[in-house]
Amino acid sequence: MEGHKPKELYKRKGRWRAVDILSVAFLLSLTFLTLIFRYRVPRWGLLITLYLTLTGVLLFLVYANRKHGRLFEIIHDFVFPVAVVFLIFDSLGGLVHHINPTDRDELLIKIDYYLFGIHPTVWLEGISRPWLTDILQAAYSTYYFLPIIYGIFLKLHNKRGELELSLFLIIFCFYLSFIGYILFPAIGPRFTLDHLQNTPYKTMGGIFLAEFIRNTIDAVEGIKRDAFPSGHSAVALVVLYLSYRFEKRIFLIYLPIVSALLISTVYLRYHYVVDVIAGILLTIVTIYFGERLYKRWERFRGD
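All values reported here derive from a predicted model rather than from experimental measurement.

## Regarding a nonpolar patch on the surface
Together, Y114, L115, F116, I118, W123, I127, I277, I280, L281 and I284 line one region of the surface with nonpolar side chains, adding up to about 1000 Å² of accessible area. Breaking the nonpolar patch down by element, the ones donating at least two residues are α5 (105-116) and α14 (273-301). With respect to the helices and strands, W123 occurs in helix α6 (residues 120-124).

## Quick look at the packing of aromatic side chains
Using the criterion set out here, one finds 17 aromatic pairs in the structure. Here F26 and F178 contribute two aromatic rings whose centre-to-centre distance is 6.4 Å and whose plane-to-plane angle is 40°, an arrangement assigned as tilted. One end of the pair, F26, is in helix α1 (residues 18-36); the other, F178, is in helix α9 (residues 160-183), with 152 residues separating them in the sequence. The exposure class assigned to F178 is buried, which follows from its relative accessible area of 3%. Through pairs of rings, three or more aromatic residues link up here, namely F26, F89, Y143, Y144, F174, Y175, F178 and Y181. Residue placement shows K248 over the ring face of Y244; its charged tip is 4.5 Å from the ring centre. The ring of Y288 is capped by R292, whose NZ or CZ atom sits 3.9 Å from the centre of that ring.

## Structural notes on the pattern of salt bridges
For the structure shown, the criterion picks out 17 salt bridges. Residue R17 is joined to D20 by a salt bridge in which the shortest nitrogen-to-oxygen separation is 3.2 Å. The pair formed by R17 and D20 is uniform in burial state, with each residue classed as buried. For E247, the salt bridge is made with K159, and the minimal N-O distance between the two is 2.3 Å. Placement of E247 in the loop between α12 (231-246) and α13 (248-267) and of K159 in the loop between α8 (146-156) and α9 is noted, with a sequence separation of 88 residues between them. K159 sits in the partly exposed class, given a relative accessible area of 24%.

## Overview of the nonpolar core
I88, Y175 and F178 are the most contacted members of the largest nonpolar core, which totals 59 residues. Here this core gets 14 residues from one element, more than from any other, and that element is α9. Within the second largest apolar cluster, 16 residues are counted, among which are L132, Y140, I213 and V273.

## Brief notes about α12
Taking 1.5 Å of rise per residue, the 16 residues of α12 would be expected to cover 22 Å, and the 22 Å separating its terminal C-alpha atoms lies within 8% of that figure. Judged by how many residues are buried, α12 sits mostly within the fold: 13 of 16 residues are covered.

## A look at the packing of helix α7 (residues 130-141) against helix α11 (residues 210-221)
Remark: α7 packs on α11, axes separated minimally by 9 Å, with the N-to-C direction vectors making an angle of 35°. The handedness of the crossing between α7 and α11 is left-handed. Note on element contacts: α11 touches α7 through A210, I213, R214 and I217, opposite T133, D134, Q137, A138, Y140 and S141. For the contact of α7 with α11, a count of residues per class yields 5 nonpolar, 3 polar and 2 charged.

## Re the confidence of the model for the chain
Here the chain averages 91 in pLDDT, while 94% of its residues score no lower than 70. Overall, residues 6-14 carries pLDDT values under 50, and its contacts beyond four positions in sequence, including any with other chains, amount to 28 contacts.

## Here we look at the packing of α12 against α13
Between α12 and α13, the shortest axis-to-axis distance is 8 Å and the interhelical angle comes to 165°. Judged by the inter-axis angle, α12 sits roughly antiparallel to α13. As α12 packs across α13, the resulting crossing turns out to be left-handed. Contacts from H232, S233, A236, L237, V239, L240, S243, Y244, R245 and F246 in α12 reach K248, I250, F251, Y254, L255, V258, L261, L262 and T265 in α13. Here the contact of α12 with α13 is composed, by residue class, of 13 nonpolar, 4 polar and 2 charged.

Conventions adopted
- Residues numbered from 1 in each chain as written.
- Predicted model: local features only at pLDDT ≥ 70, side-chain atom pairs only at ≥ 80, totals over all residues.
- Heavy atoms only, no water.
- Patch = residues over 30% accessible without salt bridge, like charges linked within 9 Å, V, L, I, M, F, W, Y side chains within 5 Å.
- Areas by Shrake-Rupley, 256 points an atom, 1.4 Å probe, with all protein chains shown as cover.
- Salt bridge = Lys/Arg side-chain N within 4 Å of Asp/Glu carboxyl O.
- Helix = DSSP H or I, 4+ residues; strand = E, 2+ residues; numbered from the N terminus.
- Phe/Tyr/Trp six-rings, centres within 6.5 Å; stacked < 30°, edge-to-face > 60°.
- Buried < 20%, exposed > 50% of the residue type's maximum accessible area, 1.4 Å probe, protein only.
- Lys NZ or Arg CZ within 6 Å of the ring centre and 35° of its normal.
- Core = buried A, V, L, I, M, F, W, Y, C linked by side-chain atoms within 4.5 Å.
- Expected span 1.5 Å × (residues − 1).
- Axes fitted to C-alpha atoms, helices over the stretch in contact; angles between N-to-C directions.
- Left-handed = near helix turned anticlockwise from the far one by under 90°.
- Contact = heavy atoms within 4.5 Å.
- Nonpolar A, V, L, I, M, F, W, Y, C, P; charged D, E, K, R; others polar.
- pLDDT = per-residue confidence, 0-100.
- Parallel < 35°, antiparallel > 145°, perpendicular 65-115°, else oblique.

Right, here's the structure in full:
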């Protein structure tokens, strides 16, 4: 951020943070969206209850963090962000297809084919190897841990300002990707192009890890319209950018992992290449606009 250092931004414990305002705004937006389309959404009441409950929990945490110290601070910084992202993402399975029922996979497939003259996931099957599948499936799964480990590292080193900015940008990236899923639903090549593969998605074998990790991810995530943009690519790249900026020791570890993760998204058939390109663009949008929004909020707060 231009003009001031992140460590100078956090001066008052328990104040409303930019990420809190962002989450409240997003949760209320989902609430109103669900209300508008309630006649299409089978369990709209349950979704609204979820969004309003999460909003209430966040309001409580802002108050509790101000009054009751370190335990609530940890919950506020780590437990709630993980929970809100997971629960919102999970809720999209009961929302997206009902408010925007037309999947856009056909267009994404055409764009990939236009760019490369082939279906990239089908072509990559030719270089598939069990050991490589294991490595890339493991790299793909690191998406769930990269932000948390990075945040814990900042916390342990008492980099409060950097942690606040990082939280805002990472959550901002998640929410923008969720908006992408709503506006441009797609299920991805593991479903749409599976008939062209010699080895079906469900039987892509590794040596030790691939099948277990794949089945675990499928069980936890289910079938979502979450191919475009690639949230895996965008969030991982935002974390990589932040680690380069604030913790280069983490960056040197993350760089090969994130590089493998980007390849894995297509190799493992979760995403079209155009999804990854969109994820890279989303990273740029997140950083450019997110830092400016964050700076404006801090100025408004007078911190």
